[in-house]
Amino acid sequence: MKKVLLGLSEEELTKEILQIGEKAFRAKQISGWLKKGIGFSGMKNLPASLIEKLKENFSDGFAEIDIKRVSTDGTIKYLFKLEDGCFIESVLMHYEYGNTICISTQVGCAMACAFCSSGEGGLIRNLMPHEMLAQVLQVNADNGGGRSVTNIVLMGTGEPLANYENVMAFLHMVNDPESIGVGMRNISLSTCGIVPQIARLAEEKLQITLCLSLHAATDEKRKKIMPISARFTVEETVSAMKSYSQKTGRRIIIEYILIKGFNMGKDDADELAKLFSGVKAHINLIPYNDGGKGLFSSPSQNEVYAFMKLLTDRKISSSVRRSLGRDIEGACGQLRSKRSRELTEEK
Ligand code: SAH
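An account of the accompanying structure is given in this report.

About the cut-offs
Residues numbered from 1 in each chain as written. Predicted model: local features only at pLDDT ≥ 70, side-chain atom pairs only at ≥ 80, totals over all residues. Heavy atoms only, no water. Axes fitted to C-alpha atoms, helices over the stretch in contact; angles between N-to-C directions. Helix = DSSP H or I, 4+ residues; strand = E, 2+ residues; numbered from the N terminus. Parallel < 35°, antiparallel > 145°, perpendicular 65-115°, else oblique. Contact = heavy atoms within 4.5 Å. Nonpolar A, V, L, I, M, F, W, Y, C, P; charged D, E, K, R; others polar. Expected span 1.5 Å × (residues − 1). Buried < 20%, exposed > 50% of the residue type's maximum accessible area, 1.4 Å probe, protein only. Pairing = 2+ DSSP bridges. Near = heavy atom within 4 Å. Polar contact = N/O pair within 3.5 Å; in protein donor to acceptor, adjacent residues only side chain to side chain. Areas by Shrake-Rupley, 256 points an atom, 1.4 Å probe, with all protein chains shown as cover. Core = buried A, V, L, I, M, F, W, Y, C linked by side-chain atoms within 4.5 Å. Left-handed = near helix turned anticlockwise from the far one by under 90°. Phe/Tyr/Trp six-rings, centres within 6.5 Å; stacked < 30°, edge-to-face > 60°. Lys NZ or Arg CZ within 6 Å of the ring centre and 35° of its normal.

Orientation of helix H6 (residues 195-204) relative to helix H8 (residues 234-248), taken along the N-to-C sense of each, is 5°, at an axis distance of 9 Å. As summarised for this structure, H6 and H8 are arranged roughly parallel, according to the angle between their axes. Contacts between H6 and H8 involve Val195, Ile198, Leu201, Ala202 and Glu203 from the former and Glu236, Thr237, Ala240, Met241, Tyr244, Lys247 and Thr248 from the latter. Classifying every residue of the contact of H6 with H8 by side-chain character gives seven nonpolar, two polar and three charged.

In C-alpha coordinates:
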(Lines give C-alpha, C1' and ligand atoms only; values in the text may rest on other atoms or scores of the structure.)
Protein backbone atom coordinates (compact mmCIF):
# COMPACT_ATOMS: atom_id res chain seq x y z
CA MET A 1 0.00 0.00 0.00
CA LYS A 2 1.20 3.50 -0.80
CA LYS A 3 2.12 5.90 1.98
CA VAL A 4 -0.90 7.96 3.03
CA LEU A 5 -0.44 11.73 3.30
CA LEU A 6 -3.65 12.62 5.13
CA GLY A 7 -3.08 12.90 8.86
CA LEU A 8 0.68 13.48 8.66
CA SER A 9 2.07 16.43 10.60
CA GLU A 10 3.42 19.40 8.62
CA GLU A 11 6.92 18.18 9.37
CA GLU A 12 6.30 14.57 8.27
CA LEU A 13 4.59 15.73 5.10
CA THR A 14 7.48 18.03 4.20
CA LYS A 15 9.89 15.13 4.66
CA GLU A 16 7.89 12.96 2.24
CA ILE A 17 7.73 15.72 -0.37
CA LEU A 18 11.46 16.45 -0.15
CA GLN A 19 12.11 12.74 -0.56
CA ILE A 20 10.47 12.69 -4.00
CA GLY A 21 12.66 15.62 -5.01
CA GLU A 22 10.12 18.43 -4.65
CA LYS A 23 10.47 21.74 -2.82
CA ALA A 24 9.20 22.30 0.72
CA PHE A 25 6.61 24.91 -0.30
CA ARG A 26 4.76 22.18 -2.21
CA ALA A 27 4.15 20.41 1.10
CA LYS A 28 2.40 23.54 2.41
CA GLN A 29 0.20 23.70 -0.68
CA ILE A 30 -0.66 20.02 -0.46
CA SER A 31 -1.46 20.17 3.23
CA GLY A 32 -3.72 23.18 2.60
CA TRP A 33 -5.80 21.08 0.21
CA LEU A 34 -5.85 18.00 2.42
CA LYS A 35 -7.26 20.05 5.32
CA LYS A 36 -10.02 21.20 3.00
CA GLY A 37 -10.92 17.60 2.21
CA ILE A 38 -9.59 17.85 -1.35
CA GLY A 39 -7.61 14.96 -2.85
CA PHE A 40 -4.75 15.02 -5.38
CA SER A 41 -6.99 15.41 -8.46
CA GLY A 42 -8.52 18.63 -7.09
CA MET A 43 -5.28 20.37 -6.09
CA LYS A 44 -5.70 23.17 -8.59
CA ASN A 45 -2.53 25.13 -7.93
CA LEU A 46 -0.23 22.16 -8.60
CA PRO A 47 1.18 21.36 -12.05
CA ALA A 48 -0.36 18.27 -13.67
CA SER A 49 3.02 16.55 -13.69
CA LEU A 50 3.32 16.93 -9.92
CA ILE A 51 -0.17 15.57 -9.39
CA GLU A 52 0.81 12.51 -11.43
CA LYS A 53 3.96 12.12 -9.38
CA LEU A 54 2.01 12.37 -6.15
CA LYS A 55 -0.44 9.72 -7.32
CA GLU A 56 2.43 7.41 -8.24
CA ASN A 57 4.13 7.74 -4.89
CA PHE A 58 1.37 8.32 -2.36
CA SER A 59 -2.27 7.97 -1.50
CA ASP A 60 -4.06 11.17 -0.44
CA GLY A 61 -6.01 9.09 2.10
CA PHE A 62 -9.50 10.06 0.97
CA ALA A 63 -12.21 7.54 0.23
CA GLU A 64 -14.60 7.31 -2.66
CA ILE A 65 -18.17 8.48 -2.09
CA ASP A 66 -20.05 5.40 -3.30
CA ILE A 67 -23.56 6.52 -2.36
CA LYS A 68 -24.91 9.85 -1.10
CA ARG A 69 -28.52 10.06 0.02
CA VAL A 70 -30.34 13.17 1.14
CA SER A 71 -33.34 12.73 3.40
CA THR A 72 -36.47 14.87 3.27
CA ASP A 73 -35.40 16.24 6.68
CA GLY A 74 -32.01 17.32 5.27
CA THR A 75 -30.00 14.51 6.85
CA ILE A 76 -27.33 13.25 4.47
CA LYS A 77 -25.98 9.75 4.52
CA TYR A 78 -22.70 8.82 2.88
CA LEU A 79 -21.44 5.38 2.03
CA PHE A 80 -17.68 5.53 1.52
CA LYS A 81 -15.61 2.94 -0.29
CA LEU A 82 -12.17 2.62 1.29
CA GLU A 83 -8.94 1.83 -0.53
CA ASP A 84 -9.24 -1.89 0.23
CA GLY A 85 -12.84 -2.00 -0.99
CA CYS A 86 -14.48 -1.97 2.47
CA PHE A 87 -17.57 0.18 2.97
CA ILE A 88 -18.27 2.55 5.85
CA GLU A 89 -21.07 4.97 6.62
CA SER A 90 -21.18 8.53 7.87
CA VAL A 91 -24.26 10.66 8.48
CA LEU A 92 -24.56 14.45 8.56
CA MET A 93 -27.40 15.83 10.66
CA HIS A 94 -28.55 19.43 10.93
CA TYR A 95 -29.45 20.85 14.31
CA GLU A 96 -30.17 24.37 15.52
CA TYR A 97 -26.71 24.62 17.03
CA GLY A 98 -24.82 23.34 14.01
CA ASN A 99 -24.08 20.32 11.87
CA THR A 100 -23.18 17.04 13.46
CA ILE A 101 -21.41 14.26 11.65
CA CYS A 102 -21.77 10.73 12.92
CA ILE A 103 -18.70 8.73 11.91
CA SER A 104 -17.75 5.06 11.88
CA THR A 105 -14.73 3.88 13.84
CA GLN A 106 -14.49 0.31 12.57
CA VAL A 107 -15.51 -1.69 9.51
CA GLY A 108 -18.20 -3.87 11.06
CA CYS A 109 -18.28 -4.48 14.79
CA ALA A 110 -17.49 -7.36 17.13
CA MET A 111 -19.97 -6.39 19.83
CA ALA A 112 -22.96 -8.22 18.29
CA CYS A 113 -25.72 -6.23 20.00
CA ALA A 114 -29.02 -7.89 19.08
CA PHE A 115 -30.76 -4.71 17.84
CA CYS A 116 -27.91 -3.29 15.74
CA SER A 117 -27.18 -3.95 12.04
CA SER A 118 -23.52 -2.94 12.40
CA GLY A 119 -22.51 -6.20 14.04
CA GLU A 120 -24.24 -8.51 11.59
CA GLY A 121 -21.10 -9.57 9.73
CA GLY A 122 -18.77 -9.29 12.73
CA LEU A 123 -15.68 -7.10 12.82
CA ILE A 124 -13.79 -6.76 9.54
CA ARG A 125 -11.08 -4.35 10.69
CA ASN A 126 -10.26 -1.23 12.66
CA LEU A 127 -10.30 2.12 10.89
CA MET A 128 -7.01 4.00 10.73
CA PRO A 129 -6.93 7.53 12.18
CA HIS A 130 -6.83 9.10 8.71
CA GLU A 131 -9.89 7.06 7.65
CA MET A 132 -11.88 8.67 10.47
CA LEU A 133 -10.46 12.11 9.62
CA ALA A 134 -11.33 11.61 5.93
CA GLN A 135 -15.02 11.10 6.81
CA VAL A 136 -15.10 14.47 8.59
CA LEU A 137 -13.11 16.41 5.98
CA GLN A 138 -14.86 14.95 2.93
CA VAL A 139 -18.34 15.48 4.34
CA ASN A 140 -17.28 18.98 5.38
CA ALA A 141 -16.02 19.69 1.85
CA ASP A 142 -19.17 18.25 0.29
CA ASN A 143 -21.24 20.66 2.37
CA GLY A 144 -19.51 23.90 1.54
CA GLY A 145 -16.16 23.55 3.29
CA GLY A 146 -14.95 25.94 5.99
CA ARG A 147 -16.44 24.87 9.29
CA SER A 148 -19.61 23.31 7.94
CA VAL A 149 -19.20 20.40 10.32
CA THR A 150 -19.32 21.79 13.87
CA ASN A 151 -19.83 18.65 15.95
CA ILE A 152 -18.69 15.06 15.74
CA VAL A 153 -20.20 11.97 17.27
CA LEU A 154 -18.40 8.64 17.27
CA MET A 155 -21.65 6.71 17.09
CA GLY A 156 -21.56 5.10 13.68
CA THR A 157 -20.48 1.55 12.99
CA GLY A 158 -17.92 0.12 15.39
CA GLU A 159 -16.99 0.23 19.04
CA PRO A 160 -14.61 3.21 19.41
CA LEU A 161 -13.07 1.97 22.64
CA ALA A 162 -12.15 -1.32 20.94
CA ASN A 163 -10.03 0.74 18.51
CA TYR A 164 -8.58 2.89 21.27
CA GLU A 165 -5.19 4.09 19.96
CA ASN A 166 -6.47 4.94 16.48
CA VAL A 167 -9.45 6.79 17.92
CA MET A 168 -7.17 8.83 20.22
CA ALA A 169 -4.89 9.70 17.30
CA PHE A 170 -7.93 10.76 15.27
CA LEU A 171 -9.28 12.95 18.10
CA HIS A 172 -6.01 14.85 18.25
CA MET A 173 -5.90 15.24 14.46
CA VAL A 174 -9.43 16.58 14.16
CA ASN A 175 -8.93 18.86 17.17
CA ASP A 176 -5.76 20.39 15.74
CA PRO A 177 -6.43 24.09 15.03
CA GLU A 178 -4.17 23.76 11.97
CA SER A 179 -6.66 21.20 10.63
CA ILE A 180 -10.45 21.53 10.96
CA GLY A 181 -10.05 22.27 14.69
CA VAL A 182 -13.26 20.78 16.11
CA GLY A 183 -13.23 21.43 19.87
CA MET A 184 -13.14 18.42 22.20
CA ARG A 185 -16.31 19.70 23.84
CA ASN A 186 -18.03 19.36 20.48
CA ILE A 187 -17.11 15.70 20.22
CA SER A 188 -19.07 12.79 21.71
CA LEU A 189 -17.93 9.20 21.92
CA SER A 190 -20.44 6.42 22.40
CA THR A 191 -19.46 3.07 23.89
CA CYS A 192 -21.24 -0.15 24.76
CA GLY A 193 -19.19 -0.06 27.97
CA ILE A 194 -15.69 -1.52 27.84
CA VAL A 195 -14.91 -0.74 31.46
CA PRO A 196 -11.07 -0.70 31.51
CA GLN A 197 -11.04 1.54 28.43
CA ILE A 198 -13.48 3.97 30.06
CA ALA A 199 -11.07 4.24 32.98
CA ARG A 200 -8.20 4.81 30.57
CA LEU A 201 -10.12 7.49 28.70
CA ALA A 202 -10.85 9.30 31.95
CA GLU A 203 -7.09 9.67 32.47
CA GLU A 204 -6.70 11.42 29.10
CA LYS A 205 -8.74 14.35 30.50
CA LEU A 206 -10.01 15.22 27.04
CA GLN A 207 -13.27 17.05 27.70
CA ILE A 208 -15.15 14.94 25.18
CA THR A 209 -18.65 13.81 26.08
CA LEU A 210 -18.83 10.13 26.88
CA CYS A 211 -22.08 8.33 26.13
CA LEU A 212 -22.91 4.86 27.39
CA SER A 213 -25.22 2.59 25.42
CA LEU A 214 -26.98 1.05 28.39
CA HIS A 215 -30.33 -0.01 26.88
CA ALA A 216 -31.29 -2.11 29.92
CA ALA A 217 -30.82 -1.32 33.59
CA THR A 218 -30.30 -4.80 35.03
CA ASP A 219 -27.70 -7.44 34.17
CA GLU A 220 -30.38 -10.00 33.47
CA LYS A 221 -32.11 -7.84 30.89
CA ARG A 222 -28.96 -6.36 29.37
CA LYS A 223 -27.52 -9.83 28.78
CA LYS A 224 -30.46 -10.58 26.50
CA ILE A 225 -29.49 -7.87 24.01
CA MET A 226 -25.82 -7.00 24.60
CA PRO A 227 -23.12 -9.69 24.78
CA ILE A 228 -20.73 -7.16 26.38
CA SER A 229 -22.76 -7.43 29.59
CA ALA A 230 -21.38 -10.93 30.10
CA ARG A 231 -18.01 -9.26 30.69
CA PHE A 232 -18.98 -6.23 32.76
CA THR A 233 -21.89 -5.77 35.12
CA VAL A 234 -24.21 -2.79 34.89
CA GLU A 235 -22.95 -1.69 38.28
CA GLU A 236 -19.27 -1.64 37.34
CA THR A 237 -20.05 -0.02 33.99
CA VAL A 238 -22.10 2.78 35.52
CA SER A 239 -19.50 3.24 38.20
CA ALA A 240 -16.79 3.69 35.52
CA MET A 241 -19.03 6.33 33.90
CA LYS A 242 -19.44 8.13 37.21
CA SER A 243 -15.74 8.27 37.75
CA TYR A 244 -15.25 9.57 34.17
CA SER A 245 -17.72 12.32 35.03
CA GLN A 246 -15.94 13.15 38.28
CA LYS A 247 -12.53 13.31 36.62
CA THR A 248 -13.61 15.40 33.64
CA GLY A 249 -16.51 17.41 35.03
CA ARG A 250 -18.62 16.26 32.09
CA ARG A 251 -22.21 15.11 32.47
CA ILE A 252 -22.90 11.40 31.97
CA ILE A 253 -24.95 10.66 28.88
CA ILE A 254 -26.86 7.40 28.78
CA GLU A 255 -28.33 6.04 25.57
CA TYR A 256 -31.39 3.91 26.00
CA ILE A 257 -33.08 2.30 23.02
CA LEU A 258 -36.80 1.95 23.61
CA ILE A 259 -37.97 -1.52 22.64
CA LYS A 260 -41.67 -2.10 23.00
CA GLY A 261 -42.59 -4.71 25.58
CA PHE A 262 -38.99 -5.13 26.71
CA ASN A 263 -37.48 -2.19 28.58
CA MET A 264 -40.22 0.42 28.92
CA GLY A 265 -42.08 -0.58 32.07
CA LYS A 266 -42.38 0.98 35.53
CA ASP A 267 -39.85 -1.52 36.85
CA ASP A 268 -37.35 -0.34 34.20
CA ALA A 269 -37.85 3.27 35.22
CA ASP A 270 -37.35 2.24 38.88
CA GLU A 271 -34.09 0.46 38.04
CA LEU A 272 -32.85 3.49 36.09
CA ALA A 273 -33.73 5.71 39.03
CA LYS A 274 -31.72 3.46 41.35
CA LEU A 275 -28.71 3.91 39.10
CA PHE A 276 -28.98 7.62 38.39
CA SER A 277 -30.86 9.37 41.18
CA GLY A 278 -28.90 12.41 42.27
CA VAL A 279 -26.27 11.85 39.57
CA LYS A 280 -25.29 14.45 36.94
CA ALA A 281 -26.67 12.24 34.17
CA HIS A 282 -28.98 12.60 31.20
CA ILE A 283 -30.79 9.79 29.42
CA ASN A 284 -31.19 9.92 25.68
CA LEU A 285 -34.22 7.87 24.72
CA ILE A 286 -33.93 6.36 21.26
CA PRO A 287 -37.01 4.71 19.77
CA TYR A 288 -35.85 1.40 18.31
CA ASN A 289 -35.49 1.61 14.55
CA ASP A 290 -36.25 -1.76 13.04
CA GLY A 291 -35.00 -1.15 9.51
CA GLY A 292 -37.36 -3.78 8.15
CA LYS A 293 -35.94 -6.70 10.11
CA GLY A 294 -38.94 -7.32 12.35
CA LEU A 295 -36.74 -8.47 15.22
CA PHE A 296 -38.11 -6.23 17.96
CA SER A 297 -41.05 -3.84 18.09
CA SER A 298 -40.78 -0.06 17.94
CA PRO A 299 -42.87 1.91 20.43
CA SER A 300 -45.50 4.44 19.40
CA GLN A 301 -44.88 8.09 20.13
CA ASN A 302 -47.35 7.95 23.03
CA GLU A 303 -45.51 5.01 24.55
CA VAL A 304 -42.21 6.85 24.21
CA TYR A 305 -43.56 9.90 26.03
CA ALA A 306 -45.22 7.74 28.67
CA PHE A 307 -41.83 6.22 29.51
CA MET A 308 -40.22 9.63 29.55
CA LYS A 309 -42.86 10.73 32.06
CA LEU A 310 -42.00 7.75 34.29
CA LEU A 311 -38.43 9.05 34.33
CA THR A 312 -39.46 12.65 34.93
CA ASP A 313 -41.61 11.48 37.88
CA ARG A 314 -38.44 9.90 39.28
CA LYS A 315 -36.48 13.12 38.73
CA ILE A 316 -34.31 11.62 36.03
CA SER A 317 -33.40 14.00 33.22
CA SER A 318 -34.16 12.62 29.78
CA SER A 319 -35.03 13.58 26.25
CA VAL A 320 -36.17 11.77 23.15
CA ARG A 321 -33.73 11.66 20.32
CA ARG A 322 -35.25 13.01 17.17
CA SER A 323 -35.39 10.37 14.52
CA LEU A 324 -33.59 11.70 11.46
CA GLY A 325 -33.10 10.19 8.07
CA ARG A 326 -35.65 7.40 8.43
CA ASP A 327 -36.27 7.43 4.67
CA ILE A 328 -32.57 6.88 3.86
CA GLU A 329 -31.71 3.93 6.10
CA GLY A 330 -30.42 6.27 8.78
CA ALA A 331 -29.83 3.80 11.59
CA CYS A 332 -26.46 2.26 12.28
CA GLY A 333 -25.12 0.03 9.59
CA GLN A 334 -28.34 -0.27 7.63
CA LEU A 335 -27.02 1.20 4.40
CA ARG A 336 -23.73 -0.63 4.62
CA SER A 337 -25.31 -4.02 5.21
CA LYS A 338 -27.78 -3.41 2.39
CA ARG A 339 -24.98 -2.46 -0.01
CA SER A 340 -22.90 -5.48 0.99
CA ARG A 341 -25.90 -7.73 0.30
CA GLU A 342 -26.42 -6.10 -3.10
CA LEU A 343 -22.79 -6.65 -4.05
CA THR A 344 -22.91 -10.30 -2.99
CA GLU A 345 -26.04 -10.79 -5.09
CA GLU A 346 -24.40 -9.08 -8.11
CA LYS A 347 -21.48 -11.53 -8.03
N1 SAH B 1 -20.44 0.85 19.76
C2 SAH B 1 -20.87 2.12 20.21
C3 SAH B 1 -21.21 3.09 19.10
C4 SAH B 1 -22.04 2.58 17.97
S5 SAH B 1 -23.75 2.23 18.30
C6 SAH B 1 -22.01 1.98 21.18
O7 SAH B 1 -22.42 0.86 21.44
O8 SAH B 1 -22.45 2.98 21.73
C9 SAH B 1 -24.36 3.80 18.68
C10 SAH B 1 -25.83 3.85 18.97
O11 SAH B 1 -26.57 3.44 17.82
C12 SAH B 1 -26.34 2.94 20.06
O13 SAH B 1 -26.33 3.49 21.30
C14 SAH B 1 -27.76 2.84 19.66
O15 SAH B 1 -28.41 3.85 20.35
C16 SAH B 1 -27.86 3.17 18.22
N17 SAH B 1 -28.51 2.09 17.50
C18 SAH B 1 -27.97 0.96 16.97
N19 SAH B 1 -28.91 0.21 16.39
C20 SAH B 1 -30.08 0.88 16.53
C21 SAH B 1 -31.43 0.61 16.15
N22 SAH B 1 -31.76 -0.48 15.48
N23 SAH B 1 -32.36 1.52 16.50
C24 SAH B 1 -32.05 2.64 17.16
N25 SAH B 1 -30.80 2.95 17.54
C26 SAH B 1 -29.83 2.08 17.23
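Read on for the rest.
Compared with an ideal rise of 1.5 Å per residue, which puts twelve residues at 16 Å, helix H2 (residues 24-35) spans 17 Å between its outermost C-alpha atoms and is within 8% of the ideal. Taken as a whole, H2 has its buried residues at Arg26, Ala27, Gln29, Ile30, Ser31, Trp33 and Leu34. Where the residues of H2 are buried, they touch helix H1 (10-19), helix H3 (48-57) and helix H4 (129-142).

Right, let's talk about the environment of Gly39 for a bit. Relative to the assigned elements, Gly39 resides in the loop between H2 and H3. For Gly39 and Asp60, which are 21 residues apart along the polypeptide, the C-alpha to C-alpha distance reads 5.7 Å. If near-sequence neighbours (up to four positions away) are discounted, Gly39 is found in contact with Asp60 and Phe62.

On the basis of which strands lie adjacent, the open sheet formed by ten strands has the order E3-E4-E5-E6-E9-E10-E11-E12-E13-E14 and mixed pairing. Of all strands in the sheet, those bounded by a partner on one side alone are strand E3 (64-70) and strand E14 (318-320). Each adjacent strand pair in this sheet contributes to an overall mean axis angle of 20°, direction not counted. Where strand E9 (residues 151-154) and strand E10 (residues 187-191) come together, three bridges link them in parallel fashion. The partner of Val153 across the bridge, within E10, is Ser188. Each of strand E12 (252-258), strand E13 (281-287) and E14 is contacted by helix H10 (residues 301-313), which is oriented at about 170° to E14, the strand it contacts most.

Before going further, it helps to examine the site of the ligand. Looking at the ligand, there are 18 residues lining it, with Phe115, Glu159, Ser190, Ser213 and Asn289 nearest. Ser213 is positioned such that a nitrogen or oxygen atom in its side chain is 2.6 Å from an oxygen atom of the ligand. One of the backbone N or O atoms of Asn289 is found 2.8 Å from a nitrogen atom in the ligand. Protein contact buries 93% of the 530 Å² of open area that the ligand shows by itself. Of all elements in the fold, only E10, E12 and E13 reach the threshold of two or more residues within the shell around the ligand. Tallied by class, residues from the shell around the ligand come to nine nonpolar, seven polar and two charged.

Counting 103 residues, the largest nonpolar core has Ile152, Phe170, Leu171, Phe276 and Phe307 as its most contacted members. Every residue in contact with Ile152, bar those within four places of it in the chain, is listed here: Ile101, Ile103, Val136, Phe170, Val174, Val182, Asn186, Ile187 and Ser188.

Another point: the packing of H1 against H2. Viewed as axis vectors pointing N to C, H1 and H2 meet at an angle of 125°, and their least axial separation amounts to 9 Å. One finds that H1 runs oblique with respect to H2. Once H1 is placed against H2, the crossing between them reads as right-handed. Together, Glu10, Leu13, Thr14, Ile17 and Leu18 of H1 and Ala24, Arg26, Ala27, Lys28, Ile30, Ser31 and Lys35 of H2 make up the contact between the two elements. By residue class, the composition of the contact of H1 with H2 is six nonpolar, two polar and four charged.

Below, the discussion takes up the pairing of E3. The two faces of the sheet receive side chains in turn, since in a regular strand these alternate between them. Both E3 and strand E4 (residues 76-81) contribute to a ladder of six bridges, which runs antiparallel. Considered in E4, the bridge of Ile65 is made with Phe80. Here E3 hands over to E4 after five residues, with Gly74 in that stretch at a positive phi of 95°.

Before going further, it helps to spend a moment on the packing of aromatic side chains. Given two aromatic rings, their pairing is described by the distance between the two centres and the angle made by the two planes. In this structure the tally under the stated criterion is four aromatic pairs. Here the aromatic rings of Tyr78 and Phe80 are separated by 5.9 Å at their centres, their planes lie at 15°, and the arrangement is stacked. On the basis of relative accessible area, Phe80 is assigned to the buried category, the value being 1%. Ring plane angle 10° and centroid distance 5.7 Å describe the contact between Tyr256 and Phe307, whose orientation is recorded as stacked. Of this pair, Tyr256 sits in strand E12 while Phe307 sits in helix H10, placing them 51 residues apart in sequence. The same class applies to Tyr256 as to Phe307, namely buried. Looking at Lys36, its charged tip hangs above the ring of Trp33, at a distance of 5.5 Å from the centre. Positioned over the ring face of Phe262 is Lys221, at 5.5 Å from the centre of the ring.

By themselves these figures say nothing about function.
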